[in-house]
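Notes for the structure review
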Amino acid sequence: MAEITAGMVKELREKTDAPMMECKKALTEAGGDLVKAEEILRVKLGNKATKAATRIAAEGVVGMYLSADGKLGAVVEVNSETDFVAKNEEFIALARGCAERVATQNPADVAALAALPLGAGTVESTRAALVGKIGENMTIRRFVRIEAQGRLSSYVHGGAKIGVLVDVTGGDETLGKDLAMHIAASKPKALDAAGVPAELLDTERRIAIEKARESGKPEAMLEKIAEGTIQKYLKDVTLLGQVFVKAADGKQTIEQLLEAKGATVNGFTLYLVGEGIEKKVNDFAAEVAAQAAAAKK
């Protein structure tokens, strides 16, 4: 049996917002496996245990570029240590400059982007000079370049913390903007069911079966119940299945909206600053105590 440490309990609690004792019980049941323990908590506590899924854990901005004809676009994420620096005009200009070079120069990766000309030097020398001037580390994390099949629409929200590019054939400019805003608000994981990773569906299926089993449902019904849960999940996480955020009746889905407008979404890109990055949280009281102890020695 794996030892369940206080650190493991703390990590699971921070990820799920579940009570400490429930976290310890789940870890014990899972043999110390954090991923499995999170699944156990979701079975017992429902969506309360998904807090970490939408938590943004790093600072920075999304840089955006969109050509005048809407045929070429790029999104770049540039990270900083603090939100204060993320609001710096020179930092924002760096992100925008990176996005423009991604679109127009088509670099293969972040290293190739860093070597491209920018200002009086390169992207990398500009970044390094800004680090030296401000005194805070900055990194270019990722980017995507899109050549549209139709026409691109963009949307940036929350102080450039969320950036969207959506490729739409048909419809008008208003439809494109509405779709980009919807994506920023509803954060779909894929365009349709075909784009949802199989491992996510497997996880949802396991959780649905265990929840149904714990509620006393007959074994013969578990698969049918799980399938119903999966279909609801797909409506929640796919763009075409989601209810349009501006729907007058509160029921019209994006798929229905597109049909009414004679339009098609060819694809989209959604960037959330810091997505998937664990942000370091400083315990200043502990730091002061440690410094005091070191001074005594």
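None of these values were measured; they are calculated from a predicted model.

Conventions adopted
- Residues numbered from 1 in each chain as written.
- Predicted model: local features only at pLDDT ≥ 70, side-chain atom pairs only at ≥ 80, totals over all residues.
- Heavy atoms only, no water.
- Helix = DSSP H or I, 4+ residues; strand = E, 2+ residues; numbered from the N terminus.
- Expected span 1.5 Å × (residues − 1).
- Buried < 20%, exposed > 50% of the residue type's maximum accessible area, 1.4 Å probe, protein only.
- Polar contact = N/O pair within 3.5 Å; in protein donor to acceptor, adjacent residues only side chain to side chain.
- Pairing = 2+ DSSP bridges.
- Axes fitted to C-alpha atoms, helices over the stretch in contact; angles between N-to-C directions.
- Contact = heavy atoms within 4.5 Å.
- Core = buried A, V, L, I, M, F, W, Y, C linked by side-chain atoms within 4.5 Å.
- Salt bridge = Lys/Arg side-chain N within 4 Å of Asp/Glu carboxyl O.

1. Details of helix α5 (residues 89-105)
- In this model, α5 (17 residues) spans 24 Å end to end at C-alpha, consistent with the 24 Å of a helix rising 1.5 Å per residue.
- Considered for burial, the residues of α5 that qualify are Phe91, Ile92, Leu94, Ala95, Gly97, Cys98, Ala99, Arg101, Val102 and Ala103.
- The opening residue of α5 is asparagine 88, an N-cap whose side-chain oxygen sits 2.8 Å from the backbone nitrogen of glutamate 90.
- Positive backbone phi, approximately 55°, marks asparagine 106, located one or two places after α5.

2. Focus on the sheet that holds strand β2 (residues 72-80)
- Strand order in the open sheet made by the 3 strands is β1-β2-β5, with antiparallel pairing throughout. Each edge of the open sheet is held by one strand with a lone partner, namely β1 (59-66) and β5 (138-147). On average, each strand axis in the sheet is inclined to that of its neighbour by 15°, with strand direction left out of account.
- With 9 bridges joining them, β2 and β5 adopt antiparallel strand pairing. Following the sheet pairing, leucine 72 is matched in β5 by glutamate 147.
- Relative to the sheet, α5 contacts β1, β2 and β5, its axis offset from that of β2 by approximately 145°.

3. Things to note about the environment of phenylalanine 244
- Note on placement: phenylalanine 244 falls in the loop between α10 (219-237) and α11 (254-261).
- Separated by 62 residues in sequence, phenylalanine 244 and histidine 182 place their C-alpha atoms 6.8 Å apart.

4. Digging into the nonpolar core
- Within the largest apolar cluster, 24 residues are counted, with the highest numbers of intra-cluster contacts made by Val76, Phe91 and Leu113.
- Residue assignment for this core shows that the elements contributing at least two residues are β2, α4 (83-86), α5, α7 (123-134) and β5.
- Considering each element in turn, this core owes the most residues, 8 residues, to α5.
- Beyond its immediate chain neighbours, meaning those up to four positions away, leucine 113 contacts Cys98, Arg101, Val102, Pro107, Val123, Ile140 and Phe143.
- With 22 residues, the next largest nonpolar core counts Leu240, Ala263, Val265 and Leu270 among its residues.

5. Overview of the sheet that holds strand β8 (residues 264-272)
- The strand order across the open sheet built from 3 strands is β6-β7-β8, with neighbouring strands paired in antiparallel fashion. Since the sheet does not close on itself, it has two edges, and those belong to β6 (151-157) and β8, each with one partner. Put simply, the sheet's adjacent strands are angled 15° from each other on average, direction ignored.
- As paired strands, β6 and strand β7 (residues 162-169) are joined by 7 bridges and run antiparallel to one another. Looking at β7, one finds that serine 153 is bridged to valine 166.

6. Remarks on the pattern of salt bridges
- Following the criterion strictly, the structure yields 17 salt bridges and no others.
- The closest approach of N and O atoms between arginine 101 and glutamate 100, which form a salt bridge, is 3.8 Å.
- For arginine 205, the salt bridge goes to glutamate 223, with nearest N and O atoms at 3.9 Å. One end of the pair, arginine 205, is in helix α9 (residues 198-214); the other, glutamate 223, is in helix α10, and 18 residues separate them in sequence.
- Connected through salt bridges with shared partners, the residues Glu59, Asp83, Lys87 and Lys161 form a single ionic network.

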